[in-house]
Amino acid sequence: MKKIIKLLGVFLSCAVYAQDIHFTQIQYFPLVLNPAMCGANYALSGNLIYRNQWKAVASPYNTFGLSVDGRIKKSPKGHFFAGGLKFFNDNSGDLSLKTNDVTLNGAYHLRVNDGQFFGVGIYAGIIQKSINMNNAKWGTQYDGTQYNASLPTNENVNSTNFIVPDAGLGFTYSYDKNSGKYNKSGQNIKFNVGLSAFHVNMPSSTYLNGSKDKMYIRYVAFANGDIGIGKSSFAVSPLIVYQLQGPTQELLTGLYGKYIFSKAQKGQSGGSVSLGSIYRNKDAVTTNIVVEYDSYTIGFSYDINISQLKTISRGKGAMEIFIRYVLPSPYGPGSSKSRI
């Protein structure tokens, strides 16, 4: 019974407060971090990500995301506009609570010095949600000894499908000492920091008459980057992300170690492999591996659950995989050229 109560508490808190989805490798799906990340690091970036969570506990939560962003126009002084599209689909639990989120993103990046940009971004879009009430079980359908589906639910369902508008904004500072490239002595310093606010219009909706499901503003502060170690082929990649949404908060801290196994030369592309771990405060510890080659990156992570839910999950949390393609390649000229 205690296990059931813990499980219900976790799932009900997610439903009541209309929390956003989350990704472990969130830095590789940057438009859910900050709309100003649109065009911040690459002339063109395409990202696919998939997450499967709580398979060991109940019906798994499946999340799929797609984003494309790129630089549109560059001024003689180095400032530039960028635009992008973000989409994700989330399917959760036995009631098939589905969320589709589509946004258009725009950003302007002001060059403040060589390799340094201050960016401001906005987004606008829609959120579509639906739920399958046919699989719902209500307290009034227990006859005192067992569940009886023939008993009335006494619930007045308002709608099982709705669409609401959504909007947000963000600010970033990007620093890249080596203009996005790996040089002959390894990798120089580059990093991003930012602040953003999602759902500033606080869209609301309801499945049941007499109730109100309001989406709180999600505030995000983050920093991530790559720091080369001397003239070696090694680098470290730190990450910190703090998110606050209504009564719920999340803190991610992580560190990757990167080995550049091939540096770009004439007729050859460079590449690297990274191993790391991310700690989600009081919830999970992850194991991550990322492989980069020329313009392509693929990564995998696995979350080990350490929260109170571990008595049911037995430590099994989530599996996540992503694929990214960028221009120009961070490993030298090759055939990947900037579009601006």
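Each chain has its residues counted from 1, following the order in which its sequence is written. Owing to the predicted nature of the model, reporting of local features is limited to residues with pLDDT of at least 70; listing and counting of side-chain atom pairs is limited to 80 or more, with chain, interface and lining totals taken over all residues. Side-chain measures were taken over the full set of non-hydrogen atoms in the model, leaving aside hydrogen atoms and water.

A few points about the pairing of strand β2 (residues 61-74)
The side chains of a regular strand alternate, residue by residue, between the two faces of the sheet. Where strand β1 (residues 44-53) meets β2, 10 bridges bridge the pair, whose relative direction is antiparallel. By the bridge assignment, L44 is partnered in β2 with G70. In this description, strands pair whenever DSSP reports at least two bridges between them. Helix and strand definitions here come from DSSP, where helices need a minimum of 4 consecutive H or I residues and strands a minimum of 2 consecutive E residues; each element is numbered from the N-terminal end. The pairing of β2 with strand β3 (residues 80-92) spans 12 bridges and is classified as antiparallel. Paired with G70 across the strands is G83, a residue of β3. Here β2 hands over to β3 after five residues, with G78 in that stretch at a positive phi of 95 degrees.

Thoughts on the pairing of strand β7 (residues 190-198)
With eight bridges joining them, strand β6 (residues 161-176) and β7 adopt antiparallel strand pairing. Each bridged residue has a counterpart across the sheet, and for F171 the counterpart in β7 is L195. Here β7 runs beside strand β10 (residues 218-228); their pairing, made up of nine bridges, is antiparallel. Each bridged residue has a counterpart across the sheet, and for L195 the counterpart in β10 is A221.

Topic: the environment of I323
For I323, the location among the structural elements is in strand β16 (residues 316-327). It is 5.7 Å that separates the C-alpha atoms of I323 and T297, two residues lying 26 residues apart in sequence. Any two residues whose heavy atoms approach within 4.5 Å at even a single point are treated as in contact. Here I323 is in contact with G46, N47, L48, T297 and I298, once residues within four sequence places are set aside.

Section: the nonpolar core
Of all hydrophobic cores here, the largest spans 20 residues; its most connected members are F23, I26, L33 and V241. Those elements that place two or more of their residues in this core are β10, β11 (234-245) and β12 (248-262). Apart from residues lying up to four places away in sequence, L33 is in contact with I26, Q27, S196, F198, V220, F222 and V241. We define the nonpolar core as a collection of buried residues of types Ala, Val, Leu, Ile, Met, Phe, Trp, Tyr and Cys that are connected through side-chain atoms lying within 4.5 Å of one another. Note on classification: 1.4 Å probe, protein chains only; a residue is buried when its accessible area is under 20% of the maximum for its type, exposed when over 50%, partly exposed between these limits.

Some points on the pattern of salt bridges
The salt bridge criterion pairs a side-chain nitrogen of Lys or Arg with a carboxyl oxygen of Asp or Glu, the two atoms within 4 Å. One pass over the structure, following the stated rule, counts 10 salt bridges. Between D283 and R280 there is a salt bridge; the shortest N-O distance is 3.2 Å. Neither D283 nor R280 differs from the other in exposure class; each is buried. On the basis of relative accessible area, R280 is assigned to the buried category, the value being 4%. When salt bridges that share partners are traced, they join R51, E250, R280, D283, D303 and E320 into one network.

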